[in-house]
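One letter stands for each residue in the lines below.
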Amino acid sequence: MNIKEYKDYLRKEIKQKRMLMTREDVIEKSNIICQKILNHKIYQNSECIYCYYPVQNEVDILPVIIHALNNGKIIALPKVVNKQGKMIFAEIDNLDNLKTGHFNIPEPIITVQARKADLVLVPGVVFSSKGERIGQAGGFYDRFLETYHPYTIGVAYDFQMMNDIKTQPHDIDVCEVISNI
């Protein structure tokens, strides 16, 4: 099995597990993860945080987004701005002013890059304990993070964590991973 087949296999297996989660499981595990993020020194000291809008049973970080907005932090969400897959993070002041964007993911209406982030919460399909990451296969986060080097925290359920994964040179690691375990 070559590296592409390996990554595709892992994506399929882990996405299936994620999609089989009950709403109760998503909420329970997500709440544990959100609490860990809220208690993290980097989060507490951050003024500007780039987040993601959870879809397809991804870890629900909406409580973190709401907490941050209620506490005067700047929150920005990803927005794909061209057909080449360029992604920016645009500032939001609430979760009501979003529109459905690429892959049916809610995106900010604004198309202006937010100020530099102190922290980026990064979704993914599979993570290693060393911070290696396999994403959805679009390369959006990898392209963004290769030129922009903020502190990154991967956000994952326990079953998305592995001791070691095979990645490619274009796959960008996260600084650390927070899970529900």
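A short tour of the structure in this document, coming up. These figures come from a predicted structure and were not determined experimentally.

Section: the side chain of Gln-160
Stage number 1. With respect to the helices and strands, Gln-160 occurs in the loop between strand E9 (151-155) and strand E10 (161-162).
Stage number 2. On the basis of relative accessible area, Gln-160 is assigned to the buried category, the value being 2%.
Stage number 3. For Gln-160, the side chain forms a polar contact with the main-chain oxygen of Val-125, separated by 3.0 Å.
Stage number 4. Of note is the side chain of Gln-160, whose polar atom sits 2.8 Å from the backbone nitrogen of Tyr-157.

Brief notes about the sheet that holds strand E6 (residues 119-122)
What links the strands of a sheet is backbone hydrogen bonding, and the strands pair in either a parallel or an antiparallel sense.
Stage number 1. Within the open sheet, the 6 strands sit side by side as E3-E2-E1-E6-E9-E11. Their pairing is mixed. With partners counted over all chains shown, the strands left at the sheet margins are strand E3 (87-92) and strand E11 (176-178), one partner each. For this sheet the average axis-to-axis angle between neighbouring strands, irrespective of direction, equals 30°.
Stage number 2. With 3 bridges joining them, E9 and E11 adopt parallel strand pairing. From the neighbouring strand, Ile-153 faces E11, where its bridge partner is Glu-176.
Stage number 3. Running over the sheet, helix H2 (residues 23-39) touches E6, E9 and E11 and is turned about 130° from E11.
Stage number 4. Of the strands in this sheet, strand E2 (74-80), E3 and E6 are in contact with helix H4 (residues 62-70), which crosses E2 at around 130°.

Cut-offs and rules
- Residues numbered from 1 in each chain as written.
- Predicted model: local features only at pLDDT ≥ 70, side-chain atom pairs only at ≥ 80, totals over all residues.
- Heavy atoms only, no water.
- Helix = DSSP H or I, 4+ residues; strand = E, 2+ residues; numbered from the N terminus.
- Buried < 20%, exposed > 50% of the residue type's maximum accessible area, 1.4 Å probe, protein only.
- Polar contact = N/O pair within 3.5 Å; in protein donor to acceptor, adjacent residues only side chain to side chain.
- Pairing = 2+ DSSP bridges.
- Axes fitted to C-alpha atoms, helices over the stretch in contact; angles between N-to-C directions.
- Contact = heavy atoms within 4.5 Å.

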